[in-house]
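Letter by letter, the chains look like this.
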Amino acid sequence: MDIPNYFVVRESSQRVMNPIEPSQLATLGAALRLPSGTTVLDLACGKGELLCTWARDHGIVGTGVDIGTAFLAAARARAAELRVEDRVVFVHGDAGKHVADAPVDVVACIGATWIGGDTPGTIRLMEQSAGEKGLLLVGDVYWRADPPPEAVTALFGDLHGVDCLSLRGQVERFHELGYDVVEMITADERGWDRYVAASWMNMRQWLDANPGDPLAPEMRSDLTRSQLHHVRWQRPYLGWGIFALQRR
Ligand SMILES: C[S@@+](CC[C@H](N)C(=O)[O-])C[C@H]1O[C@@H](n2cnc3c(N)ncnc32)[C@H](O)[C@@H]1O
């Protein structure tokens, strides 16, 4: 089980693989007021930036789970760079099946709310690893503006759009699931640009260096498509936030 090489190339320069900027991740870490020694499980941790920087800045102890071996290697390298190898561990596996051996203080799933089927299913999965007073960190999309049908299809196909709500709808859904939203940060156009436009440079440099690679035709057409997709649909319509949830 691994992530296709296409994604490894596309995300090669980003430490945070979502439109939240690294400074916002630091702001969230500070806002949560986590005591040193707080235990954190990050499901679909990507390159482990949340765990590594929060281990350095707040003394958290963390486990990250991801299917991407290249992402996990980057996470371990980042832990070594920040000298937090003794505080974080990265595990290869399906986060959709991962439940902590003992309850943890914080369970995160940032940008992979499909691992439990849909967002409510992923929250139910996360609950299984959270202690009684555990905090859930859910990174998910929402509509910034009422999307025309073409935007729904362009961004999600016909099926998945139904799980994308307005920001108000997201908060109402968290309430219905029994949670208070106790903190949140949201991406803006600048964050989207930093995340998505960085992938264009990654793809373009890879194409220039690997013109004969079997992946090149797909990469070439996606590079063209992605630029228009971003400015037409993603940037104006799609919101993105990390919501800190605490059980009522
Ligand atoms: C959009 S990235 C977000 C990564 C990270 N949470 C972040 O915000 O930087 C989605 C991540 O989910 C991982 N992923 C997708 N499906 C998974 C699964 N079933 N189990 C574990 N990881 C998964 C991918 O490898 C990728 O690292």
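Preceding this section is the structure that the text describes.
Read on for a plain summary of the structure. If you're wondering where the values come from, they're calculated on a predicted model, not measured in any experiment.

Cut-offs applied
- Residues numbered from 1 in each chain as written.
- Predicted model: local features only at pLDDT ≥ 70, side-chain atom pairs only at ≥ 80, totals over all residues.
- Heavy atoms only, no water.
- Near = heavy atom within 4 Å.
- Polar contact = N/O pair within 3.5 Å; in protein donor to acceptor, adjacent residues only side chain to side chain.
- Areas by Shrake-Rupley, 256 points an atom, 1.4 Å probe, with all protein chains shown as cover.
- Nonpolar A, V, L, I, M, F, W, Y, C, P; charged D, E, K, R; others polar.
- Disulfide = S-S within 2.5 Å.
- Buried < 20%, exposed > 50% of the residue type's maximum accessible area, 1.4 Å probe, protein only.
- Helix = DSSP H or I, 4+ residues; strand = E, 2+ residues; numbered from the N terminus.
- Pairing = 2+ DSSP bridges.
- Right-handed = clockwise from strand over helix to strand, strands pointing away.
- Phe/Tyr/Trp six-rings, centres within 6.5 Å; stacked < 30°, edge-to-face > 60°.

### A closer look at the site of the ligand
Then, number 1: What surrounds the ligand is a group of 19 residues, the closest being Met-17, Asn-18, Ala-44, Asp-66 and Ala-95.
Then, number 2: In the model, an oxygen atom of the ligand is placed 2.5 Å from a nitrogen or oxygen of the Asp-66 side chain.
Then, number 3: Coverage of the ligand by the protein amounts to 87% of the 590 Å² it exposes when considered alone.
Then, number 4: The residue inventory of the shell around the ligand, partitioned by class, reads 12 nonpolar, five polar and two charged.

### Some details on the state of the cysteines
Then, number 1: If you walk through the whole model with that rule in mind, you get zero disulfides.
Then, number 2: Free cysteine: Cys-45, not disulfide-bonded; nearest cysteine sulfur from Cys-52 at 8.7 Å.
Then, number 3: We classify Cys-45 as buried; its relative accessible area is 8%.
Then, number 4: For the unlinked cysteine Cys-164, the closest cysteine sulfur is that of Cys-109, found at 15 Å.

### Section: the pairing of strand β1 (residues 39–43)
Then, number 1: The element β1 is largely enclosed, with a buried count of four among its five residues.
Then, number 2: By the bridge criterion, five bridges tie β1 to strand β2 (residues 61–66) in an arrangement that is parallel. Within the sheet, the bridge partner assigned to Thr-39 lies in β2 and is Val-61.
Then, number 3: For the crossover from β1 across helix α3 (residues 49–58) to β2, the handedness is right-handed.
Then, number 4: Bridge count for β1 against strand β4 (residues 104–110) is four bridges, and the pairing is parallel.

### Comments concerning the packing of aromatic side chains
Then, number 1: Scanning the entire structure with this criterion turns up five aromatic pairs.
Then, number 2: Note on Trp-143 and Phe-156: the rings are 5.5 Å apart at their centroids and 85° apart in plane angle, and the pair reads as edge-to-face. Taken together, the positions of Trp-143 in strand β5 (residues 130–143) and Phe-156 in helix α6 (residues 149–160) put the pair 13 residues apart, joining distant regions of the chain. Summarising the burial analysis for this pair, Trp-143 and Phe-156 share the class buried.
Then, number 3: By way of ring pairs, the aromatic residues Tyr-142, Phe-174 and Phe-243 are connected into one cluster.

### Some remarks on the pairing of β2
Then, number 1: Both β2 and strand β3 (residues 88–92) contribute to a ladder of five bridges, which runs parallel. The residue bridging Gly-64 from the neighbouring strand is Phe-90, located in β3.
Then, number 2: A crossover connection joins β2 to the parallel β3 through helix α4 (residues 69–81); in handedness this β-α-β unit is right-handed.

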